[in-house]
Every structure is written in C-alpha cells, then in structure tokens.
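Okay, here's what each chain looks like letter by letter:
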Amino acid sequence: MTMPGAKIGVLDSGVGGLSVLREIHALLPDYPTIYFADQDHLPYGPRPHAEVRAYVTAIADFLIDQGAVVIVIACNAASAASLLDLRAQYSGIPLVGMEPAVKPAATATHSGVIGVLTTQATASGPLYARVRQQFASDTRVITQVAPELVEIVENNSQHTPESRRIIADHLQPMLDAGADHVVLACTHFPFLTETIQALVGDKMHIVNPGPAVARQTARVWPSAIRPDTAENQYYTSGDPAQFSMMLHTLIGLDGLVQQAVWQADAMPPRLLKANERHNASQIKPIT
Ligand code: DGL
C-alpha cells in the first residue's frame, strides 16, 4: 500500500548525520527522508545521557508527527544516551541506532590493536561497553575522545593547518600503539576522511559504519508500505541558512531548510508544532 507522507526520519545534533543520510540516499533513492539537526543543543557529546535522551525523545515525536515510519538515530552520542530506552518506548516504530563499529575492526585487525575516534557520551555509554566486551576481548582498543573534531566539521574548517594538527594529535596515540584500523564512532568524522587518510597513509584502515546503517534502514522499512514521492525535508533548531550551506558543501544537496523551535523552558523538552511556530514568530519582544 502507499501511505502518503511515509518517510525515513534521520536525526543528529548537527550536520554529522548527513554522512549517514548520503548513504541512505545512495541505497534508497526513491525513499523520502526528513532530517533533523539539533544545532541549538550541539554538541551532544559532552552532555549527560539523560539530557540528550530528553532531546532525542522530543525529536523522535516530532519526526513521527511529520510522517516518519522509521527513525535513524544518525548520531553515536544520541544512540548511546537513548537507543535502549527509545526501543522500549516506541515499540511500533523501527529504530536504527549507531554503535561504534568495533566488530569489523576487531575482526579484520592484524596487529591486534584498533583505534576508536569518538565523543564522551559514546565512550561512556552502554553500547560501546557492550561491543567491546562482545567483539574486542582479545583486541587492544585505543579510545580517543575528540570533541574538537565535531566543531571542525560544523565550522567547515577541516582544511586549515590548525585543524590538521588537532586531527593528527588524536590519531597519533593510535599510530604509536600500532593500530591498523581507526573506527569513526561519531557521524561527523566521515567528513574528515580526506584529512585522516592523508595523515595515516596505509598504516590504518578507516572504518565508517554509514553504509551498514543504510542497509539496516532498508531492512527495517515496513515492507507493506510503498514510498510515494522521494521528497526530502530538512529541519534545524539552529540557523537554517548556515545548515543549507553545509548541506550543499558536505553532500552536494540543495533543499529547503526549515526552522525547528524548542519551547522555552519546557520540561521535558518539547518542539513547537508548525502552527505554534507561526504564533511564536508573531511574539515580538518588548523593547
Ligand atoms: N554526530 C554525533 C555522534 O555521532 C556527535 C556530535 C556531538 O557531540 O554533538 O556522536
């Protein structure tokens, strides 16, 4: 059956999830998507899990309200903070989350050492602990928490000498330890592949889980629903013009980017609906 408006919802704290969205577009070009960047709360990595979970829950509600029938948490930090709880809460909606791709790296390593480049919320989360225990008990894992790299991608500054130095500093401990794989455990980092590749040469293989996430999305799309139009929508809680520029720069797409607005002081956090956003824009501060 066709279900008008049924689409794939994809969320991240910012532009990082676009590295997953491009894989979804490549694999499922006829499926409509709706992308949400919570740039008002970026970065997620340093925030407590409970806070990130509250944002992700509100964004999931927003996406479902807009027709999402599958939700892809295209953010390792958000998945670490919320995936297990959200699975219990949204039992009727397939959720695709991200966990550090330790399994393929630990399976393929020859040196017995792998590196994981990530953020704090992911490094201290239950999914990372689980994959390490399950797949890397015999592997030495060098974890580098690298919040500066998220900023570098968001600011589109990956080609400056200063950014190159910061990226190199995070890779060095892995190279020193003899790692032959580096797992990109933050969806922002695939956008740094060119710089990382230039720095590690053939010493480390770069593991990007994006294509596997796209394949999982295809698997969980409800088989009874045929997508109608392959239209893509974009929302940010930050600056739509800036997001639109990054959408073009990072994945070569031009699309209408709409503003999403968090309700001031709402607890739990809540996003305004379209009619409420309109009313909110009518409220002018008294000067
Ligand atoms: N892109 C997010 C991830 O995959 C993290 C960025 C952030 O810290 O907000 O972990």
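What counts and how
Residues numbered from 1 in each chain as written. Predicted model: local features only at pLDDT ≥ 70, side-chain atom pairs only at ≥ 80, totals over all residues. Heavy atoms only, no water. Near = heavy atom within 4 Å. Polar contact = N/O pair within 3.5 Å; in protein donor to acceptor, adjacent residues only side chain to side chain. Areas by Shrake-Rupley, 256 points an atom, 1.4 Å probe, with all protein chains shown as cover. Nonpolar A, V, L, I, M, F, W, Y, C, P; charged D, E, K, R; others polar. Axes fitted to C-alpha atoms, helices over the stretch in contact; angles between N-to-C directions. Helix = DSSP H or I, 4+ residues; strand = E, 2+ residues; numbered from the N terminus. Parallel < 35°, antiparallel > 145°, perpendicular 65-115°, else oblique. Left-handed = near helix turned anticlockwise from the far one by under 90°. Contact = heavy atoms within 4.5 Å. Core = buried A, V, L, I, M, F, W, Y, C linked by side-chain atoms within 4.5 Å. Buried < 20%, exposed > 50% of the residue type's maximum accessible area, 1.4 Å probe, protein only. Expected span 1.5 Å × (residues − 1). Pairing = 2+ DSSP bridges. Disulfide = S-S within 2.5 Å. Salt bridge = Lys/Arg side-chain N within 4 Å of Asp/Glu carboxyl O.

A. Inspection of the site of the ligand at higher detail. Around the ligand sit 13 residues in total, of which Ser13, Tyr44, Gly45, Asn76 and His188 are the nearest. For the ligand, an oxygen atom lies 2.7 Å from a polar atom in the backbone of Asn76. Here His188 contributes a side-chain N or O atom positioned 2.8 Å from a nitrogen atom of the ligand. In the complex, the protein chains occlude 99% of the 290 Å² of accessible area that the ligand would expose alone. Here the residues of the shell around the ligand are counted per class, giving six nonpolar, six polar and one charged.

B. Layout of the packing of helix α8 (residues 161-177) against helix α9 (residues 193-200). At a minimum axis distance of 10 Å, the contact between α8 and α9 shows a crossing angle of 50°. Taken as axis vectors, α8 and α9 run oblique relative to one another. Note that α8 runs across α9; the crossing there is right-handed. On the side of α8, the interface is formed by Arg164, Ile167, Ala168, Leu171 and Leu175, while α9 contributes Thr195, Ile196, Ala198, Leu199 and Val200. Taken together, the residues that form the contact of α8 with α9 break down as eight nonpolar, one polar and one charged.

C. Representation of the nonpolar core within the structure. Counting residues in each nonpolar core, the largest one holds 52 residues, and the members touching the most others are Leu18, Val72 and Leu117. Counting residues in hydrophobic clusters, the runner-up holds 30 residues, among them Val56, Ala77, Ala78 and Trp262.

D. Quick look at helix α2 (residues 49-65). Compared with the 24 Å implied by 1.5 Å per residue over 17 residues, the 24 Å span of α2 between its first and last C-alpha is a close match. Among all positions of α2, only Val52, Tyr55, Val56, Thr57, Ala58, Ile59, Ala60, Phe62 and Leu63 are buried. Just downstream of α2, Gly67 is the residue with a positive phi angle, here 105°.

E. Structural context of the sheet that holds strand β6 (residues 140-145). Spatial ordering of the open sheet is given by β6-β5-β7-β8, a layout of four strands whose pairing is parallel. Only two strands of the sheet have a single neighbouring strand rather than two, namely β6 and β8 (205-207). Neighbouring strand axes in the sheet, compared pairwise and without regard to direction, differ in orientation by 20° on average. Where strand β5 (residues 113-118) meets β6, six bridges bridge the pair, whose relative direction is parallel. Its bridge partner being in β6, Ile114 is matched across the sheet by Val141. Those strands touched by α8 are β5, β6 and β7 (181-185), and its axis lies near 170° from that of β6.

F. Up close: the state of the cysteines. The final tally for this structure, using the stated rule, is zero disulfides. Counting only cysteine sulfurs, Cys186 is the nearest neighbor of Cys75, a cysteine outside any disulfide, at a range of 6.7 Å. We classify Cys186 as buried; its relative accessible area is 9%.

G. Expanded view of the pattern of salt bridges. As enumerated under the stated definition, the model contains seven salt bridges in all. For Asp85, the salt bridge identified is with Arg53, shortest N-O distance 3.4 Å. In this pair, Asp85 sits in helix α3 (residues 76-89) while Arg53 sits in helix α2, placing the two residues 32 residues apart along the sequence. Residue Arg53 is classed as partly exposed on the basis of its relative accessible area, which comes to 27%.

H. Structural context of the pairing of β7. Counted residue by residue, β7 has five buried out of five residues, so it is predominantly covered. Covered by surrounding structure in β7 are His181, Val183 and Ala185 together with Val182 and Leu184, the residues of both alternating faces. When β5 meets β7, the two strands line up parallel, connected through five bridges. Across the sheet, the residue bridging to Gly115 is Val182, located in β7.

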